[in-house]
Amino acid sequence: MWFAGYVNGPGLLVAAACLGVMLISEPWLVIAWDEGYSLGREDRIRQWCRAMADPVAFAGRWKPPVEELVPPNRLAVPSGDELDSRRDLIRPPAVDWFWPFAREEPDGHPPVYALVGMIGDVLTPWRDPLPRARLGPILVFSLTCGAIFVFMRKRYGAWSAGAAAAAWIFQPHLFALAHYATYDGLLTCFWTGSCLAFAKAVEGEGERPRIPWVLAFAGTLALAAGTKLTGWFLPIPFLAWILCTRSRKGAVALIAGTALAIPLLILLIPPWWHDPILGIDRFFQSNLTRAQTIPKKTLFLGQIYNTPGGSLPWYNTIVWTLLVTPVGFQLLAAAGILRTISKKERDAFVSLSVIHWAFLMALRSLPHTPGHDAVRQFLPAFGMLALLVGLGAGWVVSRRRGIGSSLIVAAVVEGGVTVAVMIPVPLSYFNPMFGGLPGAVRMGMEPTFYWDALQPEILDWLNEHSLPGQKVRFARYPTSWLYLRQTGRLRPGILPTDPGDWTWYVVQNRPGDLSDLDRHLVAHAVPARVYSRFGVPLIWVFPYDEVRSWQAQPARSR
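Basis of the calculations
- Note on numbering: residues in each chain are counted from 1, in written sequence order.
- Note on the predicted model: pLDDT of at least 70 is required for a residue's local features to be given, and 80 or more for side-chain atom pairs to be given and counted; whole-chain, interface and lining totals, by contrast, use all residues.
- Only hydrogens and water are set aside when side-chain values are computed; all heavy atoms of the structure are taken into account.
- Partly exposed describes any residue whose relative accessible area lies between the buried limit of under 20% and the exposed limit of over 50%, with all areas from a 1.4 Å probe on protein chains only and scaled to the type maximum.
- We count a stretch as a helix when DSSP gives it H or I for four or more residues in a row; a strand needs E for two or more, and each element gets its number in order from the N terminus.
- We treat two strands as partners when DSSP finds at least two bridges between them.
- Any pair of N or O atoms that falls within 3.5 Å is considered a polar contact. Within protein, one atom must be able to donate a hydrogen and the other to accept it, and sequence-neighbouring residues count only if both atoms are side-chain atoms.
- Note: the arc covers the axis-to-C-beta directions of the helix.
- We call two residues in contact whenever any of their non-hydrogen atoms come within 4.5 Å of each other.
- Only the stretch in contact is used when a helix axis is fitted, and all axes are lines through C-alpha atoms; the angle between N-to-C directions ranges over 0 to 180 degrees.
- The salt bridge criterion pairs a side-chain nitrogen of Lys or Arg with a carboxyl oxygen of Asp or Glu, the two atoms within 4 Å.
- In this text, buried Ala, Val, Leu, Ile, Met, Phe, Trp, Tyr and Cys residues form a nonpolar core when linked through side-chain atoms within 4.5 Å.

Visitor: Requested: an account of the pairing of strand S4 (residues 501–508), with residues and values cited.
Guide: Within S4, seven of the eight residues are buried, which leaves it mostly tucked inside the rest of the structure. For S4 and strand S6 (residues 536–543), the ladder comprises five bridges, and the chain directions are antiparallel. For Trp504, the partnering residue across the bridge sits in S6 and is Pro543.

Visitor: Describe the side chain of Ser365, and please don't skip the residues or the numbers.
Guide: Here Ser365 lies in helix H19 (residues 348–365). With a relative accessible area of 16%, Ser365 lands in the buried category. Of note is the side chain of Ser365, whose polar atom sits 3.1 Å from the side chain of Thr317.

Visitor: Would you mind going over helix H26 (residues 544–552) in detail, with residue names and values included?
Guide: For H26, the complete set of buried residues consists of Tyr544, Val547 and Trp550. The arc that holds every buried residue of H26, seen down its axis, measures 110°, which confines them to one face. Within H26, the exposed residues directed more than 90 degrees away from the buried face are Asp545 and Ala552. Along its buried surface, H26 packs onto strand S3 (470–474), S4, helix H25 (516–524) and S6.

Visitor: I'd like a description of the sheet that holds S6, backed by residues and values.
Guide: With mixed pairing, four strands are arranged side by side in an open sheet as S3-S4-S6-S5. The open sheet has two edge strands, S3 and strand S5 (529–533), and neither has a second partner. When strand polarity is set aside, the average angle formed by the axes of neighbouring strands in this sheet is 15°. Where S3 and S4 come together, five bridges link them in parallel fashion.

Visitor: Talk me through the pattern of salt bridges; I want residue IDs and the actual numbers.
Guide: The tally for this structure, following the rule as stated, stands at 24 salt bridges. Glu35 is the salt-bridge partner of Arg134, the closest N and O atoms lying 2.8 Å from each other. Taken together, the positions of Arg134 in helix H8 (residues 129–156) and Glu35 in helix H2 (residues 35–53) put the pair 99 residues apart, joining distant regions of the chain. The same class applies to Arg134 as to Glu35, namely buried. Through salt bridges that share partners, Asp184, Lys228, Asp373, Arg376, Glu446 and Arg510 make up one connected network.

Visitor: Account for the nonpolar core, with residues named and values stated.
Guide: Phe98, Met152 and Phe349 are the most contacted members of the largest nonpolar core, which totals 163 residues. The element contributing the most residues to this core is H8, with 13 residues. The contact partners of Met152, leaving out residues within four places of it in the chain, are Gly157, Ser160, Ala161, Ala164, Phe349, Leu387, Gly390 and Leu391.

Visitor: Can you explain helix H13 (residues 235–245)? Please cite residues and give values.
Guide: Regarding H13, the residues found buried are Pro237, Phe238, Trp241 and Ile242. What you see down the axis of H13 is that its buried residues fit within an arc of 145°, all on one side. Exposed side chains of H13 directed beyond 90 degrees from the buried face belong to Leu243 and Cys244. Where H13 is buried, its residues touch helix H11 (184–202), helix H12 (211–225), helix H14 (248–267) and H19. Of the residues one or two after H13, Arg246 is the one with positive phi, at around 55°.

Visitor: Describe unusual backbone geometry, listing the residues and the values that go with them.
Guide: Cis rather than trans, the peptide bond between Thr307 and Pro308 has omega equal to 0°. Looking at the element boundaries, Pro308 is found in the loop between strand S2 (303–307) and helix H17 (316–324). Pro424 follows Ile423 through a cis peptide bond whose omega is 15°. Tracing the backbone shows Pro424 in the loop between helix H21 (401–422) and helix H22 (436–443).

Following this line, the structure appears as structure tokens:
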């Protein structure tokens, strides 16, 4: 792993500090939209591992689960006869059912994020499924933070290292998404780690790259590609850097790393073992046809876009970066970018960081790319931005030590205070320079998107105000709600098949995704309960009688 070469006192202390912050804050962040799916898929892998340990015994007691957190798909449940040998378990239909990854939607993502999530099974098996699944991503995030600190400190000094580590931890959206048992925080770690490993591989004298770091680089390439489609584009900015610098050593490292990453990637994806070509084809067919399978509507600067069939404006990543990055980090990152275009500076790592950041910004700006969920789809750009913050900090301090050090301290304090103030909904952070969350709403941006505002106070209110036989209906239905019911956090029925009558209707303030019913309720109905931040509603609970009244109206008058 890329952080193996950074195991020393300062790096471990920074990693431990980051880990402490993440673990302390983790209980405040409620289950998000995609986490229910992650928990269901991880449970499938656990069952497969048990089956591999003793196929005959497992097949003899096999019964398909009645209720799962995995999203429904078209695959048939395997019978016991199809599970009674290890050979059967690594071939369809068994491997396809137990490994719902890297194929047709809704199972388009590869499984590395789920494998990392199962680290908690080994380290803290006694914990509840959600915090247990979050531990692995949090550990990777914290270790990457320590690696960034050591890397930057050795090359650019303590001020640079401290600023980079702080920008890594205290970017509010990265901070939030790094907690979740999903893919984007991990992809950011693997992308950033690949830059550190590649830089280590090509530094120093000699014509050949350093073999241990080439191996680490190959590992990060495979892990990134095994987490999300975006990771497959990771070699491109390295190639761009090689062409710009004409680095023969870099070319050798990229070719060798990519060649080594391919078999490792296939090893990480069991559904591909029996036919890798077919597996890769299904994966790309799934991820490149999302306009037909799972289109997403999003509000951006007052206009609703249906992506990826439609496209956000080309400048969307620039606007988003300005809106969700604390001011101090923006100033230091700008200094880092200026550093690379300065005629006096010819630092290979500086140019590598800028190329990666620019590539990620441009990738999400391309036509017909998914544009929903704020910055989640290009989150690795904020990992690279943390490196640019560190580079800018080192540059500023080297020229104006007093002013530079004061700016760095102010930026770090601003980042820390921002995260503290925004908990438990850091994904609703918007830069105060633009009016904060209320200002962003006035600009026509979505105040929330991941159902992270379904806070305990809302759940407690629903539990207290729902009598036996009364049910809660949600405007959208991820299987995260099943997890809340399984763990006792949400007691009323939530499914159409549950006995009883609908009593409450819960809506998230995500304007681009509101149905006609939702828009009517928001405009005309009086909510029974609201969760707000800074005066902006994030969750509404409406009496279900308001839904019935709308349904009773003639369609033309709605």
